[in-house]
Amino acid sequence: MVKQTVLVTGASGNLGKAVAEAFARHSYSVYGFVHNKQANNSLPANKVIPVELDLLDETACITWVQHIANNNGSIDVAVLTAGGFAMGYIADTNSKAIQQQIQLNFETAYHMARPIFLQMLQQKKGYLFFIGSKAGLDTRHALGVTAYGLSKSLLFRLAEIMRAEAKGTQLVVKVIVPSIIDTPQNRAAMPQADFAAWTTPEAIARVIFEQTMPNATPEEWVVMV
Ligand SMILES: NC(=O)c1ccc[n+]([C@@H]2O[C@H](COP(=O)([O-])OP(=O)(O)OC[C@H]3O[C@@H](n4cnc5c(N)ncnc54)[C@H](OP(=O)(O)O)[C@@H]3O)[C@@H](O)[C@H]2O)c1
């Protein structure tokens with residue numbers, strides 16, 4: 001049987017690593033995009049094919065997506081986890097701060113999503129997942145995280161536009177919306193919090209994997225985890 005091909009960005013990050021491992025465990029051919037060599041070493045050897053790439057380099061993203069599609073015949077699933085976070089009320093948020101968050105959360109996703117979407121449109125099928133956030137979905141959660149909320153909100157709008165363009169095909173575009181993820185960084189930043197109330201990267205990875213199963217509902221495009 002031909003292995004399905006999965007692309008994961010931010011593959012050395014908390015969520016990206018869990019997602020890459022979840023698909024690799026199910027015998028998918030997984031390409032894990034990492035920022036640099038050091039990050040590359042944190043991927044499970046022999047299970048995930050590492051690609052070192054700065055996702056802000058749009059031309060390199062297009063070249064890699066085309067290369068992987070040509071080598072494998074298709075791109076079946078893409079999970080774009082690369083991104084980050086910044087605090088700041090409006091008083092603290094100048095235009096540069098907004099640009100930085102848009103680069104980190106939107107452009108890193110868009111540079112991959114565009115060639116992947118075009119490839120999946122040709123295939124007439126595929127699963128493309130963005131990682132949003134509550135702050136990007138609902139402005140009530142964006143208080144104090146202005147630039148972050150604005151940058152993540154663009155992913156929801158992009159997903160809506162893609163869904164409209166993909167109408168009539170089996171190309172599914174979804175936004176996964178994690179609440180607080182149980183990561184070492186969040187534990188260090190919020191030591192008094194109830195860690196048990198948080199979602200683990202593995203649980204989110206499982207939800208994403210299940211979204212690619214035949215019994216998942218393609219209409220439910222915003223998935224809260
Ligand atoms: N953590 C949470 O509680 C939470 C909640 C809601 C949503 N989210 C979202 O969920 C996603 C994953 O979160 P996480 O905690 O797993 O984050 P993470 O551990 O910081 O992982 C993000 C990864 O993205 C990579 N990355 C950033 N810019 C890049 C670039 N230009 N080129 C290549 N790689 C780049 C980072 O690499 P470098 O570190 O080397 O730059 C890092 O490995 C993010 O989009 C985040 O906004 C997180």
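These numbers were taken from a predicted model, which means no experiment stands behind them. (Residues numbered from 1 in each chain as written. Predicted model: local features only at pLDDT ≥ 70, side-chain atom pairs only at ≥ 80, totals over all residues. Heavy atoms only, no water.)

## Let's talk about the packing of helix 3 (residues 58-72) against helix 4 (residues 95-123)
In a packed pair of helices, the relevant descriptors are the angle between the two axes and the axis-to-axis distance. In the contact formed by helix 3 and helix 4, the axes pass within 8 Å of each other and the chain directions differ by 35 degrees. The interaxial crossing formed by helix 3 with helix 4 has right-handed handedness. Facing helix 3, whose interface residues are E58, C61, I62, V65 and A69, helix 4 presents H111, M112, R114, P115, I116 and Q119. Of the residues in the contact of helix 3 with helix 4, the class split is seven nonpolar, two polar and two charged. (Axes fitted to C-alpha atoms, helices over the stretch in contact; angles between N-to-C directions. Helix = DSSP H or I, 4+ residues; strand = E, 2+ residues; numbered from the N terminus. Left-handed = near helix turned anticlockwise from the far one by under 90°. Contact = heavy atoms within 4.5 Å. Nonpolar A, V, L, I, M, F, W, Y, C, P; charged D, E, K, R; others polar.)

## Focus on the nonpolar core
One finds L7, L80, M112, I116, L128 and F130 to be the most contacted residues of the largest nonpolar core, which totals 36 residues. Considering every element that reaches this core, the biggest residue donor is helix 4, with eight residues. For L7, the residues in contact, after removing those within four places along its chain, are Y31, F33, V65, I68, I75, V77, A78, V79, M112 and I116. Core analysis: the next-biggest nonpolar cluster, separate from the first, contains 26 residues, V6, V79, I204 and V223 among them. (Core = buried A, V, L, I, M, F, W, Y, C linked by side-chain atoms within 4.5 Å. Buried < 20%, exposed > 50% of the residue type's maximum accessible area, 1.4 Å probe, protein only.)

## Considering the packing of aromatic side chains
For the coordinates displayed, the defined rule picks out seven aromatic pairs. Taken together, a centroid distance of 6.3 Å and an interplanar angle of 5 degrees make the contact between Y127 and F129 stacked. Overall, F129 belongs to the buried group, its relative accessible area being 1%. Ring centres 5.1 Å apart and planes at 50 degrees place the aromatic pair F195 and W198 in the tilted group. (Phe/Tyr/Trp six-rings, centres within 6.5 Å; stacked < 30°, edge-to-face > 60°.)

## Details of the site of the ligand
Neighbouring the ligand are 28 residues; N14, L15, H35, K152 and N186 lie closest to it. Here N186 contributes a side-chain N or O atom positioned 2.9 Å from an oxygen atom of the ligand. Where the shell around the ligand is concerned, the elements lending two or more residues are helix 1 (14-25), helix 4 and helix 6 (146-165). At three residues, helix 4 tops the list of elements feeding residues into the shell around the ligand. (Near = heavy atom within 4 Å. Polar contact = N/O pair within 3.5 Å; in protein donor to acceptor, adjacent residues only side chain to side chain.)

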